[in-house]
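Each chain, written out:
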Amino acid sequence: MTEQTPVNTQTAKAVPTLPDAQTVTSVTHWTDHLFSFRVTRPASLRFRSGEFVMIGLMGEPHPETGKQKPLLRAYSIASPSWDEELEFYSIKVQDGPLTSRLQHIKVGDEIILRPKPVGTLVHDALLPGKRIWFFSTGTGFAPFASLLREPETYENYDEVVVTHTCRNVAELEYSRKLIEDLQNDEMMQELIGKENLAKIRYYPTTTREESPKMGRITTLLEDGTMFRDLGIDGISVDTDRAMVCGSMGLNVDIKKVLEGFGLEEGANSDPKHYVVEKAFVG
């Protein structure tokens, strides 16, 4: 069950009081541990779908000086580059310096957003191919939420395979609903093309709670289960490209699997066959 707070346009136009402030326009709580939110977008901000920015809140006043320092963390932008607002997808950490407070934001509140987008999960970092794989765990799905709503993704590839691995079924709801809405939304069908949206192959898995498909994605790749399920022969350096965003364990293990298939890691300055977002750990 999700809880969503609608935008209040009068509140959203309040005068900023934080440095690099942007105003919260909506908040959705997906589970006790996951939430997403949207904020206003700086008029000057330009980014490529898949990049991240630093966002945060002001810290508590210093007990002696009373001065406050910003608490900032890298967050992938979950909305596409053409969106008028910015969307973020976050975990809730009860004793976390930032997320313990960020999880309580409401419409009309302000967050700090440093408008300097960077990141490796961009189309420019990959050589041309026929099939793109998005490998994610937890909130690592965020950059792919952006790329799945980016027309260039479907212009570049004939097939888009989206994997999302979480502990429990409820933690998959953000990705499930996003893809379902994406394929059923008339505006997105017009922007991207119904035939292009049909290129998406969604492959959700859980590691704790029972679900139709269970197991770590690396295991399902290594034993061939995923390829059999999708009717795909395997991963080839000639046709397949990949992006990875998840826990440090996933990043390390997926790199080994992909390189076992002959893929090489790329970068913005040196496009290759796969890329990993090193700024994300969660």
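Keep in mind the model is a prediction, meaning the values are calculated, not measured.

A. Highlighting the overall build of the protein. Secondary structure assignment for the protein yields ten helices and twelve strands. A globule of 282 residues ought to have a C-alpha radius of gyration of about 19 Å, and the protein, at 19 Å, matches this closely. Counting only C-alpha atoms, the protein reaches 60 × 40 × 40 Å along its principal axes. Put simply, of all contacts in the protein between residues at least 6 apart along the chain, 72% involve residues at least 24 apart. Side chains of the protein carry 31 positive and 41 negative charges; the gap between the two charge centres is 4 Å.

B. Local environment of the confidence of the model for the protein. Of the residues in the protein, 92% reach a pLDDT of 70 or more, and the chain-wide mean stands at 91. Per-element mean pLDDT across the protein ranges from 42 in helix 1 (residues 9-12) up to 98 in helix 3 (residues 142-147). Low pLDDT (under 50) marks residues 1-16, which in the prediction has 28 contacts with non-local residues, meaning those over four places away or in another chain.

C. The arrangement of the packing of aromatic side chains in detail. This model, assessed by the stated rule, comprises ten aromatic pairs. When the ring of Phe 37 is compared with that of Phe 88, the centres are 5.5 Å apart and the planes differ by 35°; the resulting orientation is tilted. One end of the pair, Phe 37, is in strand 3 (residues 34-40); the other, Phe 88, is in strand 6 (residues 85-91), with 51 residues separating them in the sequence. The same class applies to Phe 37 and to Phe 88, which are both buried. For the pair Tyr 89 and Tyr 174, a centre-to-centre distance of 3.9 Å together with 15° between the ring planes defines the contact as stacked. Of this pair, Tyr 89 sits in strand 6 while Tyr 174 sits in helix 5 (residues 173-184), and the two are 85 residues apart along the sequence. On the accessibility criterion, Tyr 89 (3% relative accessible area) is buried. Judged by its relative accessible area of 3%, Tyr 174 is buried. Arg 73 extends its terminal NZ or CZ atom over the ring of Tyr 75, reaching a point 4.9 Å from the ring centre.

D. Up close: the pairing of strand 6. Of all seven residues making up strand 6, five are buried, and the element is well covered by its neighbours. As judged from the seven bridges shared by strand 3 and strand 6, these two strands associate in the antiparallel manner. Within strand 6, the position partnered with Phe 35 by the bridge is Ser 90.

E. Spatial organisation of the pairing of strand 2 (residues 21-29). Counting buried residues in strand 2 gives eight out of nine residues, a clear majority hidden from the surface. What sits between the antiparallel neighbours strand 2 and strand 3 is a turn of four residues.

F. Representation of helix 10 (residues 248-260) in the model. If you check helix 10, its first and last C-alpha atoms are 19 Å apart, about what 13 residues at 1.5 Å a residue would give, namely 18 Å. When we look at burial in helix 10, the residues that qualify are Leu 250, Asn 251, Ile 254, Val 257 and Leu 258. The buried side chains of helix 10 occupy one side of the element, clustering within an arc of 135° when seen end-on. Relative to its buried face, helix 10 has exposed residues pointing more than 90 degrees away, namely Lys 256 and Gly 260. Residues of helix 10 that are buried in the fold lie against strand 8 (131-137), helix 8 (217-222), strand 11 (240-245) and strand 12 (274-276). Two residues or fewer after helix 10 comes Gly 262, characterised by a positive phi angle close to 95°.

G. Up close: the nonpolar core. Phe 134, Leu 148 and Met 243 are the most contacted members of the largest nonpolar core, which has 31 residues in total. For this core, the secondary structure elements donating two or more residues are strand 8, helix 3, strand 9 (159-166), helix 5, helix 6 (186-192) and strand 11. Listed in part, the 21 residues of the second largest apolar core include Met 226, Ile 254, Leu 258 and Tyr 274.

H. Molecular detail of the side chain of Ser 90. Within the secondary structure, Ser 90 sits in strand 6. One polar contact links Ser 90 to Tyr 75, side chain to side chain, over a distance of 2.6 Å. With residues up to four places along the chain from it excluded, the contact list for Ser 90 reads His 33, Leu 34, Phe 35, Tyr 75, Thr 99 and Thr 139.

Rules of the game
Residues numbered from 1 in each chain as written. Predicted model: local features only at pLDDT ≥ 70, side-chain atom pairs only at ≥ 80, totals over all residues. Heavy atoms only, no water. Helix = DSSP H or I, 4+ residues; strand = E, 2+ residues; numbered from the N terminus. Rg over C-alpha atoms; globule rule 2.2 N^0.38 Å. Contact = heavy atoms within 4.5 Å. Lys, Arg positive; Asp, Glu negative; His and termini not counted. Charge placed at Lys NZ, Arg CZ, Asp CG, Glu CD. pLDDT = per-residue confidence, 0-100. Phe/Tyr/Trp six-rings, centres within 6.5 Å; stacked < 30°, edge-to-face > 60°. Buried < 20%, exposed > 50% of the residue type's maximum accessible area, 1.4 Å probe, protein only. Lys NZ or Arg CZ within 6 Å of the ring centre and 35° of its normal. Pairing = 2+ DSSP bridges. Expected span 1.5 Å × (residues − 1). Arc of directions from axis to C-beta. Core = buried A, V, L, I, M, F, W, Y, C linked by side-chain atoms within 4.5 Å. Polar contact = N/O pair within 3.5 Å; in protein donor to acceptor, adjacent residues only side chain to side chain.

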